[in-house]
Amino acid sequence: MRILLANRDRAPEWAPEIRQTVRRMEAQRRAIFLPPEIAALRLREARSEREYLEILTDLVRRRQHIDTLGYEIPRRKGILGLATWAVRSLLWVLLRYQHERLAFRQNRVNSNLVALLEAQGAEIAALRRELERLRERPPA
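Summarised in this report is the structure supplied together with it. (Residues numbered from 1 in each chain as written. Predicted model: local features only at pLDDT ≥ 70, side-chain atom pairs only at ≥ 80, totals over all residues. Heavy atoms only, no water.)

1. Concerning the layout of surface pockets
Part 1: In this structure, the largest pocket occupies an estimated 410 Å³ of space.
Part 2: Around the largest pocket, the lining is made up of 15 residues, and of these Arg 50, Leu 53, Glu 54, Thr 57 and Gly 121 lie nearest the centre.
Part 3: Going through the elements one at a time, helix 2 (49-62) and helix 3 (78-136) are the ones with two or more residues in the lining of the largest pocket.
Part 4: Element by element, the count of residues in the lining of the largest pocket is highest for helix 3, at eight residues.
Part 5: Here the residues of the lining of the largest pocket sort into seven nonpolar, three polar and five charged. (1 Å grid on protein atoms, 1.4 Å probe; cavity = no way out; pocket = protein on both sides within 12 Å on 5 of 7 lines; lining within 4 Å. Points joined across faces, edges and corners; volume = space filled by probe spheres on them. Helix = DSSP H or I, 4+ residues; strand = E, 2+ residues; numbered from the N terminus. Nonpolar A, V, L, I, M, F, W, Y, C, P; charged D, E, K, R; others polar.)

Shown next, in the form of structure tokens:
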């Protein structure tokens, strides 16, 4: 792991605290880890531009969904922190329906865009195959 800040790697000093926080979040079931097949690091596997675009399209297709799950609202210590937390919690309850409505619309737009990308990729692949076929055919 590398954590660069001001062009200096801070991982050695911060890693123990980060690992401890992750273990605590795992124990409380608050940590969500993505499987490696949908991690952006898969793009490093590409050996050509075509392969890169195929992996990128696959990642976009797999991760296009916006979730509407609740989340833990952070809270500071003290009375002011409690008051702020209460207001934020109330606002989330009152505005959640609007968030879900917007997320539903955005998910529809995202799925249409991904379908378009996949269709264009298939069309480009077919055109490349046809071009190769025409290049291999001897002139008449």
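2. Comments concerning the environment of Ile 32
Part 1: By the element assignment, Ile 32 lies in the loop between helix 1 (11-27) and helix 2.
Part 2: By relative accessible area, Ile 32 is classed as exposed at 75%. (Buried < 20%, exposed > 50% of the residue type's maximum accessible area, 1.4 Å probe, protein only.)

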